[in-house]
Amino acid sequence: MLNYLWGFMILAGILWGAANNSLDAVTQGLLDSAGEAVKLCITMAGVMSFWCGILEVGNRSGLIEWLADKMEPILTFLFPDLGKDHPARLPISVNMAANMLGLGMAATPAGLEAMKLMQEGKQSKATNAMCTFLIINISSLQLVPVTMIAYRSQYGSSDPTAVLGPALIATGCSTLAAVIFCKLMDLGKAVKEK
């Protein structure tokens, strides 16, 4: 569906440019945008490489396991179906920590690993823990939105860190709503089973 949408938008832009005798401007806009995309990718690759390296150092030094241990009460509250020795708890902790740092791209591999470990057998239906993890991951509490700060810095913002407060408030509200929703759904399921 998105392919059709993008194809339509590109075609509409070209036709609009042709109808208004501004194909040169359309071509120049495409070239400028491609150059900006490459610059942004290089900047983001550097930022992500740095933070993925930090996560790897944390993993090898035992910091990630320490963090998972400290997050135990939160994980027990959010995922009561997962036992304390469940192997998915470590990648869930890594994913949540990366998201708190605003590193959604670095959080993805840990999130995929957590989902794989939470899948029980070969069933095709998502478990409560999987649904809760997905919703918490999407709401993504961000204490330091590193990616957004990098974007703002790349594009010449005079104060790239000005998003810290608004991002914390917005993601705090979304995460609180996600937790309330998940707990209400768990309560509804428990009532239905009785």
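Quick note: structure is the one above.
Read on for an overview of the structure. (Residues numbered from 1 in each chain as written. Predicted model: local features only at pLDDT ≥ 70, side-chain atom pairs only at ≥ 80, totals over all residues. Heavy atoms only, no water.)

**As for the packing of aromatic side chains**
Each aromatic ring pair is characterised by the separation of its centres together with the angle its planes make. The final tally for this structure, using the stated rule, is 1 aromatic pair. Taking the centre distance of 6.4 Å and the plane angle of 50° together, the rings of Phe79 and Phe133 count as tilted. With Phe79 in the loop between α4 (72-78) and α5 (89-100) and Phe133 in helix α7 (residues 128-139), this pair connects stretches of sequence that are 54 residues apart. Judged by relative accessible area, Phe79 falls into the buried class, the value being 2%. The lysine or arginine in question, Lys183, covers the ring of Phe77, its NZ or CZ lying 4.5 Å from the ring centre. (Phe/Tyr/Trp six-rings, centres within 6.5 Å; stacked < 30°, edge-to-face > 60°. Helix = DSSP H or I, 4+ residues; strand = E, 2+ residues; numbered from the N terminus. Buried < 20%, exposed > 50% of the residue type's maximum accessible area, 1.4 Å probe, protein only. Lys NZ or Arg CZ within 6 Å of the ring centre and 35° of its normal.)

**Details of the side chain of Asn99**
The topology assignment puts Asn99 in helix α5. Given a relative accessible area of 8%, Asn99 falls into the buried group. Apart from the residues within four sequence positions on either side, Asn99 is in contact with Gly104, Ala107, Asn137, Ser140, Leu141 and Gln142. (Contact = heavy atoms within 4.5 Å.)

**Re helix α6 (residues 104-118)**
Helix length check: α6 (15 residues) gives 20 Å between terminal C-alpha atoms against 21 Å at 1.5 Å per residue, within 8%. If you check which residues of α6 are buried, you get Ala106, Ala107, Ala110, Gly111, Ala114 and Met118. (Expected span 1.5 Å × (residues − 1).)

**Brief notes about the pattern of salt bridges**
Applying the stated criterion across every chain, the model contains 3 salt bridges. Between Lys39 and Glu36 there is a salt bridge; the shortest N-O distance is 3.9 Å. Here Lys39 and its partner Glu36 are both found in helix α2 (residues 23-61), 3 residues apart, which amounts to about one turn of the helix. You can call Glu36 partly exposed: its relative accessible area is 32%. The partner of Glu56 in a salt bridge is Arg60, and the shortest N-O contact between them spans 2.9 Å. Note that Glu56 and Arg60 are positioned in helix α2 at a spacing of 4 residues, about one turn of the helix. Given a relative accessible area of 35%, Glu56 falls into the partly exposed group. Looking at Arg60, the relative accessible area reads 73%, which means it is exposed. (Salt bridge = Lys/Arg side-chain N within 4 Å of Asp/Glu carboxyl O.)

**So, the layout of surface pockets**
Roughly 290 Å³ of volume is contained in the largest pocket. As for the largest pocket, its lining consists of 14 residues, and the residues nearest its centre are Ala126, Thr127, Asn128, Cys131 and Lys189. Contributing elements (two or more residues each) for the lining of the largest pocket: α7 and α9 (164-193). Tallied by class, residues from the lining of the largest pocket come to 6 nonpolar, 5 polar and 3 charged. (1 Å grid on protein atoms, 1.4 Å probe; cavity = no way out; pocket = protein on both sides within 12 Å on 5 of 7 lines; lining within 4 Å. Points joined across faces, edges and corners; volume = space filled by probe spheres on them. Nonpolar A, V, L, I, M, F, W, Y, C, P; charged D, E, K, R; others polar.)

**So, a nonpolar patch on the surface**
There is a patch of nonpolar side chains on the surface, built from Leu2, Leu5, Trp6, Phe8 and Met9 and spanning about 570 Å² of accessible area. With relative accessibility at 40%, the residue Met9 sits in the partly exposed group. (Patch = residues over 30% accessible without salt bridge, like charges linked within 9 Å, V, L, I, M, F, W, Y side chains within 5 Å. Areas by Shrake-Rupley, 256 points an atom, 1.4 Å probe, with all protein chains shown as cover.)

**Thoughts on unusual backbone geometry**
Phi is positive for Asn21, which is not a glycine, with a value near 55°. By the element assignment, Asn21 lies in the loop between α1 (2-19) and α2. One non-glycine residue, Ser140, adopts positive backbone phi at about 50°. Topologically, Ser140 is positioned in the loop between α7 and α8 (146-154). With a relative accessible area of 9%, Ser140 lands in the buried category.

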